[in-house]
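# Summary of structural features
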Amino acid sequence: MARLNVVKALNLALLQEMERDEDVLVMGEDVGVDGGVFRVTEDLHRTFGSKRVIDSPLAEAAIIGTGVGMALYGLRPVCEIQFSGFAFQCFHQIENHAARYRMRSQGRFSVPMVIRMPYGGGVRALEHHSESEEQFYAHIPGLKMVVPSGPRNARALLVSAIRDPDPVVFFEHKALYHAAKEEVPDEIETLPLGRAQVVREGRDVTLVAYGAMLRVAREAAETLAQEDGAEAEVIDLLTISPLDRATLVASVQKTGRAVVVHEAVRSFGPGAEIAASIMDGAFLSLEAPIARVASWDVPFPGFAREKASVPDLPRVLAAARETLAF
Amino acid sequence: MPRTVLEPRFQVEYLSILDSDGNLDASLEPDIPGEDLKRLYRAMLLGRRLDERMIRLQRQGRIGTFAPIKGQEASQLGAAFTLRPSDWMVPSFRETAAMLWRGWSIEKLLLFFAGYLEGGQPAPGQNDLPVTIPVATQLPHAVGLAYAAQYRGDDTVVMAFCGDGATSEGDFHEALNFAGVWHVPTVFVVQNNQWAISVPLKKQTHSRTIAQKALAYGLPGLQVDGNDVLAVYAASREAVERARAGDGPTLIECVTYRLGVHTTADDPTKYRTAEEVEAWERKDPLTRFGAYLQKKNLLDDGLAASVDAEIAEAVQRFETVGPADALRMFDHAYGQRPAHLDAQREQLAAWLRDGAGAAAPDTTAHPSPPMRGQRSTRR
């Protein structure tokens, strides 16, 4: 057991999975000698060499495209896209091929690869380094879309993603990399993909969040308990797709109210699917419209204005209070 | 400081062994056993006759849109012929002759073009990727396969096909670059058939050859007469042997011509002249190779009849395939079907069983939706 931040926890997951399975390799820009620009792959090349920890040329489409080929051959590549804002240069390889090869070949081939990408704002970074665009991947059949919220679940989910038979897009929030340390067991731990966690129980309103927004949701729940006497249930989605609808519905059947929080822009974002799923499963339990707190529907506004766009505690509190008062 | 020459002048070779009349440059003639020459010719003829049959099947509405290969048989088969079954072949969407050679059955290909994904399922152990439609996007897969083969220490070569249009795509350049940097056993075969739908080669690239594009990535590039099966074979054998020996990737540009339409939805009279097509018809790869075999006394009587019989039997088997089971669409989206797809499958099953869907007309007999570049067919 060691206290690790998200970077070290992810590094541990990669190290242990590579020790366990020779088919696992790591590829991306600067992932070898440099250890990745966020140091997630630090020292792996020392242990496993440059054939397994590949400093690739700078080309996102070929990183994912060759990763698809490796996976078709039976390897388990873990590809890093340096920032999720650059993933549109490989989006076609993800959508057209990684997600579809199992279907296209009717089960003869699969693409057991992981595509890791740092995402999210709040780190005073330029355009293309601050966006949250998980909805694009969550929308693609054949893909899984995972977003951890802390060191321990990041490590366990990455192990599960590597072992998963299907391609997984794995988002790592930049603001969480060094935000907190958590006890992470030495022995390998997994978490099932497609399963959300109730991280705080409550009876009055359900707050749904993931990634860096989980902390905002938890703070909102504590504030509501202290200042309003309202007990919020907090759900950490962990996997965006496939969405754990059962956990969402069970919670809202109990609370009758829901607030969804995400950094992705509001329209056609994950909140829309989450709200629709709650409507499908818990319509008769609802006491108020489902609220969404999300970034405004504008292209990245620059980090000088970012705080006014990314959901924060006051906005989540306001939405929860409005929902409770409805 | 003077200007200095960093690289010597590059050279791009052109290889032709058999001219359009079947005359041979004996000094370059590859050593191919007579039986193999006969198999090669039969495969070319099968590709040609199936193509003609498929156009009729498409016009009858029995299969959907497809990309005919007429004129490109030598480019495909001269190359694929040099692979071992354990090697990998990565096609684009106009490699029917090569796919047949690699073991795809005629029924499977027909099923594929009739909209059944079952037709895209390689047989167990068959090292072929299915058809890739987005142009050039299959090329990085070939490089990844080759990397994986090398990583595992397998004695395996990967051959990837694309067309001249694909050489304008970023994925083409990225794939060549990665293959060069990684020094992996990949052979890129570009079927330069002069036309990317309606866009001629001169509007596709300002390079004199496509072969020379390889040189920028540090790999050899060679241009061959793509209608001369012996030249394609000789160049491919050399490239495959180089790759297998650990000497890295090669690009082969096969200069050929699409004698037919881009797809069955295309009307080439709009963008090219009859004279141009006729000039290329005189360079037909089958005529030329047939004349060569005739001189060697290797042409069997009744070959066309046996090929046609094989096609007819396969078409018959294809026609016995029942309507597609709609519920199977949920089978291969994921390795294990997630809960929401279980629910959607149940929903569709109930709809088909009890709802209005039970009475809905069967649409499986109609052609599949359009491919890139398709217009509504005029006939």
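Within each chain, residues carry numbers counting from 1 in the order of the written sequence. Written order determines the labels here, with chains lettered from A and ligands numbered from 1. In keeping with the predicted nature of the model, local features appear solely for residues at pLDDT of at least 70, side-chain atom pairs appear and are counted solely at 80 or more, and the whole-chain, interface and lining totals rest on all residues.

## Side note on the overall build of chain B
- Each helix corresponds to a stretch of at least 4 residues labelled H or I by DSSP, and each strand to a stretch of at least 2 residues labelled E; elements are numbered beginning at the N terminus. Scanning chain B from terminus to terminus reveals 13 helices and eight strands.
- Each radius of gyration reported is based on C-alpha atoms, and the globular scaling rule is 2.2 Å times the count of residues to the power 0.38. The C-alpha radius of gyration computed for chain B amounts to 22 Å, which stays within 12% of the reference 21 Å derived for 379 residues, consistent with globular compactness.
- C-alpha extents for chain B along the principal axes are approximately 80 × 55 × 40 Å.
- Residue burial here comes from a neighbour count, namely the number of other C-beta atoms, placed from the backbone, that lie within 10 Å of the residue's own C-beta, with 20 or more meaning buried, 12 or fewer meaning exposed, and in between meaning partly exposed. Across the 379 residues of chain B, 45% fall into the buried class.

## Quick notes on unusual backbone geometry
Residues and elements named next belong to chain A.
- With omega at 0 degrees, the peptide bond leading from Ser 241 into Pro 242 counts as cis.
- As for its position among the elements, Pro 242 is in the loop between strand E12 (239-241) and helix H9 (245-255).
- Positive phi, normally seen in glycine, also occurs at Asp 30, with a value near 65 degrees.
- Following the sequence through the fold, Asp 30 ends up in the loop between strand E2 (24-28) and helix H2 (44-48).
- On the basis of neighbour counts, which here come to 16 C-beta atoms within 10 Å, the residue Asp 30 falls in the partly exposed class.
- Positive phi is not limited to glycine here, since Gln 106 has a value of about 50 degrees.

## Observations regarding the interface of chain B and chain A
- Any two residues are considered in contact once their C-beta atoms, placed from the backbone, lie within 7 Å. Residue-level contacts link 33 residues of chain B with 35 residues of chain A.
- At the level of elements, helix H5 (139-152), helix H6 (170-182) and helix H13 (339-354) of chain B are the ones that each hand at least two residues to the side of chain B that touches chain A.
- The greatest single-element share of the side of chain B that touches chain A, amounting to ten residues, is contributed by H5 of chain B.

## Observations regarding the domain arrangement of chain A
Residue and element names in this part refer to chain A.
- Note that the domain bounds were set by an automatic or database domain assignment. Domain boundaries assigned for chain A yield domain 1 (2-184) and domain 2 (197-325).
- Each of domain 1 and domain 2 has a C-alpha centre, and these two points are 26 Å apart.
- Every contact between the two is made by 26 residues of domain 1 and, on the other side, 20 residues of domain 2.
- At the level of elements, helix H6 (134-138), strand E6 (144-146), helix H7 (151-163) and strand E7 (168-173) are the ones that each hand at least two residues to the side of domain 1 that touches domain 2.

## Here we look at the sheet that holds strand E14 (residues 291-295) of chain A
All names here are of chain A.
- A pair of strands is considered paired only if DSSP assigns at least 2 bridges between the two. Read across the sheet, five strands follow the order E9-E11-E10-E13-E14 without closing on themselves; strand pairing throughout is mixed. Of all strands in the sheet, those bounded by a partner on one side alone are strand E9 (197-200) and E14. On average, each strand axis in the sheet is tilted by 25 degrees relative to the strand beside it, whichever way the strands run.
- Looking at chain direction, strand E10 (residues 205-209) and strand E13 (residues 258-265) are connected through three bridges and run parallel. Within E13, the residue paired with Thr 206 across the bridge is Ala 258.
- Interaxial angle, 0 to 180 degrees, is taken between N-to-C directions of lines fitted to C-alpha atoms, where a helix line uses only the stretch in contact. Along the sheet, helix H10 (residues 270-282) makes contact with E10, E13 and E14, crossing E13 at roughly 155 degrees.
- Along the sheet face, helix H11 (residues 313-325) touches E10, strand E11 (232-236), E13 and E14 and points at about 165 degrees away from the line of E14.

## Concerning the packing of helix H1 (residues 34-59) of chain B against helix H12 (residues 303-319) of chain B
Residue and element names in this part refer to chain B.
- Where H1 contacts H12, the axes come no closer than 10 Å and their chain directions differ by 50 degrees. On the basis of their axis angle, the class for H1 and H12 is oblique. Crossing hand, H1 versus H12: right-handed. Taking contact as the criterion, the partners of Arg 42, Leu 45, Leu 46, Arg 49, Leu 50 and Arg 53 in H1 are, on H12, Leu 303, Ala 304, Val 307, Asp 308, Glu 310, Ile 311 and Val 315.
- Classifying every residue of the contact of H1 with H12 gives eight nonpolar, no polar and five charged. These descriptions rest on fixed angle ranges, namely under 35 degrees for roughly parallel, over 145 for roughly antiparallel, 65 to 115 for roughly perpendicular, and the rest for oblique. The sense of a crossing depends on the near helix, which, turned anticlockwise from the far helix by less than a right angle, makes the crossing left-handed and, turned clockwise, makes it right-handed. Side-chain classes follow a simple rule in which Ala, Val, Leu, Ile, Met, Phe, Trp, Tyr, Cys and Pro form the nonpolar group, Asp, Glu, Lys and Arg form the charged group, and the remainder, Gly included, forms the polar group.

## What to know about the confidence of the model for chain B
All names here are of chain B.
- Overall, the prediction assigns chain B a mean pLDDT of 93, with 94% of residues at 70 or greater.
- Counted against residues more than four places away or in other chains, residues 365-370, with its pLDDT under 50, gives nine contacts.
- Values of pLDDT, the confidence the predictor places in each residue, fall between 0 and 100. In the model, residues 375-379 has pLDDT below 50 throughout and makes three contacts with residues more than four positions away in sequence or in other chains.
- This prediction of the complex comes with two scores: 0.95 for pTM and 0.97 for ipTM.

## Thoughts on the domain arrangement of chain B
- Taken as a whole, chain B is organised into domain 1 (13-319) and domain 2 (326-359).
- A separation of 38 Å is found between the C-alpha centroids of domain 1 of chain B and domain 2 of chain B.

## A word on the pairing of strand E5 (residues 114-119) of chain A
Residue and element names in this part refer to chain A.
- The buried fraction of E5 amounts to six of the six residues, a majority that puts the element mostly inside the structure.
- A two-sided burial pattern is seen for E5, the buried positions comprising Val 114, Arg 116 and Pro 118 on one face and Ile 115, Met 117 and Tyr 119 on the other.
- Summarising the sheet, strand E4 (residues 76-80) and E5 pair through three bridges and their orientation is parallel. Each residue of the ladder has a partner; that of Cys 79, found in E5, is Ile 115.

## Re the nonpolar core
- Counting 203 residues, the largest nonpolar core has Leu 207, Ala 217, Val 259 and Val 261 of chain A together with Leu 77, Met 159 and Ile 252 of chain B as the members making the most contacts within it.
- When near neighbours in sequence (up to four residues on either side) are disregarded, Val 261 of chain A contacts Leu 207, Val 208, Ala 209, Met 213, Val 216, Ala 217, Val 293, Pro 311 and Val 316 of chain A. Only buried residues count toward a nonpolar core: Ala, Val, Leu, Ile, Met, Phe, Trp, Tyr and Cys, linked into one set through C-beta atoms within 7 Å.

## Some remarks on helix H9 (residues 229-244) of chain B
Residues and elements named next belong to chain B.
- By this rule the span expected of a helix is its residue count minus one, scaled by 1.5 Å. Taking 1.5 Å per residue, 16 residues should reach 22 Å; H9 reaches 22 Å between its end C-alpha atoms and fits that length.
- When we look at burial in H9, the residues that qualify are Val 229, Leu 230, Ala 231, Val 232, Tyr 233, Ala 234, Ala 235, Ser 236, Ala 239, Val 240 and Ala 243.
- Phi for Gly 246, located one or two positions after H9, is positive at around 90 degrees.

## A word on the sheet that holds E7 of chain A
All names here are of chain A.
- The seven strands lie next to each other as E3-E2-E4-E5-E7-E6-E12, forming an open sheet whose pairing is mixed. Taken across any chain shown, the strands that pair with only one partner, and hence form the sheet edges, are strand E3 (53-55) and E12. Shown here is a sheet whose adjacent strand axes are inclined to one another by a mean of 20 degrees, direction ignored.
- In this structure, E2 lies alongside E4, joined through five bridges in parallel fashion. Bridging from a neighbouring strand, Gly 28 pairs with Glu 80 of E4.
- Sitting on the sheet, H7 is in contact with E2, E4, E5, E6 and E7, with an inclination near 160 degrees to E7.

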